[in-house]
Amino acid sequence: MKIRTVLTAWLIGLGVALTAGAQTRFTISANGAEVTDNHTSLTWRRCVEGMTWSGSACTGSPLSLTHSGAFARAKTQSGWRLPNVKELASIVDDAVYDNSSSTAQVAMIDRTAFPNTPRTNHWASTPQVGFPAIAWLVSFYNGLVSDYIFTQDRNSLSFNGSSYSETVNVRLVRSSP
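Small disclaimer: the values here were computed from a predicted structure and weren't measured.

Novice: So what's going on with the overall build of the protein chain? Residues and values would help.
Specialist: Summing up its helical and strand segments, the protein chain has four helices and 11 strands in all. Looking at the 177 residues of the protein chain, the share that counts as buried comes to 44%. Restricting the contact set of the protein chain to residue pairs at least 6 apart, pairs at least 24 apart contribute 55%.

Novice: Explain the environment of Val170 to me, using residue names and the numbers behind them.
Specialist: When you line up the elements, Val170 lands in the loop between strand S10 (162–165) and strand S11 (173–175). For the pair formed by Val170 and Leu63, sequence separation is 107 residues and the distance between their alpha carbons is 7.3 Å. When sequence neighbours within four positions are dropped, the list of residues in contact with Val170 reads Val48, Glu49, Leu63, Leu65, Ala70, Leu82, His122 and Trp123.

Novice: Tell me what's going on with the state of the cysteines, and back it up with residues and numbers.
Specialist: Covalently bonding the sulfur atom of one cysteine to the sulfur atom of another cysteine gives a disulfide. Per the stated rule, a full pass over the model turns up one disulfide. Shown here is the disulfide that connects Cys47 with Cys58, its sulfur atoms set 2.1 Å apart. Measuring the twist about the S-S bond at about -90°, one finds the Cys47-Cys58 disulfide to be left-handed. With Cys47 in the loop between strand S3 (42–45) and strand S4 (51–53) and Cys58 in strand S5 (residues 58–60), the pair connects residues that are 11 residues apart, well separated along the chain.

Novice: Can you break down the side chain of Gln77 residue by residue, with the values?
Specialist: Relative to the assigned elements, Gln77 resides in the loop between helix H3 (67–75) and helix H4 (85–89). A distance of 2.9 Å separates the side chain of Gln77 from the side chain of Thr76, its partner in a polar contact.

Novice: Can you lay out the nonpolar core for me, pointing to particular residues and giving the numbers?
Specialist: Ranked by size, the top nonpolar core spans 19 residues in total, and within it Trp44, Leu88, Ile91, Phe114, Val138 and Phe140 carry the most contacts. The element that contributes the greatest number of residues to this core is H4, accounting for three residues. Once residues within four sequence positions are removed from consideration, Ile91 is found in contact with Arg25, Phe26, Asp37, Trp44, Met108, Ile109, Phe114, Phe140 and Arg171. Judged by nonpolar contacts, the second largest core, of 11 residues, contains Ala74, Trp123, Leu137 and Val170.

Novice: Give a description of the side chain of Glu87 that names residues and reports values.
Specialist: Note on placement: Glu87 falls in helix H4. On the basis of relative accessible area, Glu87 is assigned to the buried category, the value being 13%. Of the polar contacts made by the side chain of Glu87, one reaches the side chain of Arg81; its length is 2.8 Å.

Novice: Summarise the environment of Ala72; cite the residues concerned and give the values.
Specialist: One can find Ala72 in helix H3. For Ala72, a relative accessible area of 42% translates into the label partly exposed.

Novice: Pulling in residues and values, what's your account of the pairing of strand S7 (residues 131–139)?
Specialist: Relative to S7, strand S6 (residues 121–128) runs antiparallel, the two sharing five bridges. What sits directly across from Trp123, in S7, is Leu137.

Novice: Talk me through the packing of aromatic side chains; I want residue IDs and the actual numbers.
Specialist: Considering all chains together, one arrives at one aromatic pair under this definition. Taking 5.3 Å as the distance between ring centres and 85° as the angle between the ring planes, the aromatic pair formed by Phe26 and Phe114 counts as edge-to-face. On the criterion of sequence distance, the pair formed by Phe26 in strand S1 (residues 26–28) and Phe114 in the loop between H4 and S6 is long-range, its members being 88 residues apart. Accessibility expressed as a relative area gives 5% for Phe26, which makes it buried. Of note, Arg174 hangs over the ring of Trp80, and the distance from its end group to the ring centre comes to 5.0 Å.

What counts as what
- Residues numbered from 1 in each chain as written.
- Predicted model: local features only at pLDDT ≥ 70, side-chain atom pairs only at ≥ 80, totals over all residues.
- Heavy atoms only, no water.
- Helix = DSSP H or I, 4+ residues; strand = E, 2+ residues; numbered from the N terminus.
- Buried < 20%, exposed > 50% of the residue type's maximum accessible area, 1.4 Å probe, protein only.
- Contact = heavy atoms within 4.5 Å.
- Disulfide = S-S within 2.5 Å.
- Polar contact = N/O pair within 3.5 Å; in protein donor to acceptor, adjacent residues only side chain to side chain.
- Core = buried A, V, L, I, M, F, W, Y, C linked by side-chain atoms within 4.5 Å.
- Pairing = 2+ DSSP bridges.
- Phe/Tyr/Trp six-rings, centres within 6.5 Å; stacked < 30°, edge-to-face > 60°.
- Lys NZ or Arg CZ within 6 Å of the ring centre and 35° of its normal.

Have a look at this one:
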């Protein structure tokens, strides 16, 4: 669990309280569709792209996009953007980690603030320093931050010599007014 310890230390270094509840850490907007993080002053879409706030939960099917598709989607959403890797990792909630079985379905995120979040990877906007063909993503399955190497078209990934298309979920953010 050395990786988890390093990630936890990194997040604490960002000033993120990993176990804070939604009542103190997050403020939910009047219409319920947005969440403001009281620690970072960022405003998040409560639902991942493709899902919508129904008044009591995030419903619908999450979009699964390539990295370039994630940027394109963000450009169509006025005022919203793809978060950088530190911003996205800051909403991982280590307190809800459940490794009791391989079928556990709890995403590592505050479920009150971000209900029905897919327990999957989510794209970050951050390229790896010195390697713009490598993009970062954050897993809400295990809280880990990972990187992927893109081929020239930025829609395929190369991992251990094999190329494949990677589509993952997207959660958008904006700076609070």
